[in-house]
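Next come the chains, spelled out residue by residue.
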Amino acid sequence: MGKRALVWTGAVVAVAPLVGLGIYFARVGLADADQLASVIGVFVALAGLGVSVYGLITGRPPAQPEPPQKETPPPPRPDVSASGPRSIAIGGDNSGIVSTGDDATNIQRREQP
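Residues numbered from 1 in each chain as written. Predicted model: local features only at pLDDT ≥ 70, side-chain atom pairs only at ≥ 80, totals over all residues. Heavy atoms only, no water.

*Asks:* Would you mind going over the overall build of the chain in detail, with residue names and values included?
*Replies:* A count of helical and extended segments in the chain gives two helices and two strands. Across the chain, helices and strands are ordered from the amino to the carboxyl terminus as α-α-β-β. Per-residue burial for the chain yields a buried fraction of 2% across its 113 residues. Contacts spanning at least 24 positions in sequence make up 0% of the contacts within the chain whose residues lie at least 6 apart. For the chain, the exposed area adds up to about 10700 Å²; of that, 62% sits on carbon and sulfur atoms. (Helix = DSSP H or I, 4+ residues; strand = E, 2+ residues; numbered from the N terminus. Buried < 20%, exposed > 50% of the residue type's maximum accessible area, 1.4 Å probe, protein only. Contact = heavy atoms within 4.5 Å. Areas by Shrake-Rupley, 256 points an atom, 1.4 Å probe, with all protein chains shown as cover.)

Dropping the structure here:
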């Protein structure tokens with residue numbers, strides 16, 4: 001069905017009972033119409049309550065817990081090698097003073113995070 005047909009069908013479904021009740025209330029009189037309107041009002045209220053409870057139950061999916069954070073593995077340690085006298089090979093997260101011997105200069109290097 002097209003969108004326009006659905007709108008017209010909904011309008012007819014909404015207006016037809018109102019017209020029928022108006023005609024019925026005009027024939028019966030106000031006293032009996034008042035009693036019937038009260039009974040109809042109770043059933044409409046109960047139907048609305050049922051629909052709202054149903055909407056609360058099915059309208060929202062249950063809250064999903066956040067997935068656990070995966071620990072990131074440490075970066076692989078580089079393969080380093082040193083050759084020669086007084087050579088130093090530094091790999092990974094080493095820090096500190098490096099000294100190679102006679103007349104050596106101490107160097108401190110700080111890694112930036």
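*Asks:* If you had to explain a nonpolar patch on the surface to someone new, which residues and values would you point to?
*Replies:* Together, V39, V42, F43, L46, L49, V53, L56 and I57 make up a nonpolar patch on the protein surface, roughly 810 Å² of accessible area in all. Mapped onto the elements of the fold, V53 is located in helix α2 (residues 30–59). Classification of V53 by relative accessible area gives partly exposed; the value is 41%. (Patch = residues over 30% accessible without salt bridge, like charges linked within 9 Å, V, L, I, M, F, W, Y side chains within 5 Å. Salt bridge = Lys/Arg side-chain N within 4 Å of Asp/Glu carboxyl O.)

*Asks:* Explain the packing of aromatic side chains to me, and be specific about the residues and the numbers.
*Replies:* Taken as a whole and assessed by the stated rule, the structure comprises one aromatic pair. For the pair Y24 and F25, a centre-to-centre distance of 6.0 Å together with 55° between the ring planes defines the contact as tilted. For Y24, a relative accessible area of 40% translates into the label partly exposed. (Phe/Tyr/Trp six-rings, centres within 6.5 Å; stacked < 30°, edge-to-face > 60°.)

*Asks:* Summarise the environment of T58; cite the residues concerned and give the values.
*Replies:* With respect to the secondary-structure elements, T58 resides in helix α2. Residue T58 is classed as partly exposed on the basis of its relative accessible area of 46%. A distance of 2.9 Å separates a polar side-chain atom of T58 from the backbone oxygen of Y54. (Polar contact = N/O pair within 3.5 Å; in protein donor to acceptor, adjacent residues only side chain to side chain.)

*Asks:* Please give an account of the packing of helix α1 (residues 3–28) against α2 that cites residues and values.
*Replies:* Where α1 contacts α2, the two axes come as close as 8 Å, and the packing angle between them is 145°. Facing L21, Y24, F25 and V28 of α1, the residues of α2 in contact are D32, A33, L36, A37 and I40. Residues that form the contact of α1 with α2 fall into these classes: eight nonpolar, no polar and one charged. (Axes fitted to C-alpha atoms, helices over the stretch in contact; angles between N-to-C directions. Nonpolar A, V, L, I, M, F, W, Y, C, P; charged D, E, K, R; others polar.)

*Asks:* I'd love a proper account of the environment of L36, names of residues and values included.
*Replies:* Position of L36 relative to the elements: it lies in helix α2. Separated by eleven residues in the primary sequence, L36 and F25 place their C-alpha atoms 8.9 Å from one another. With residues up to four places along the chain from it excluded, the contact list for L36 reads Y24 and F25.

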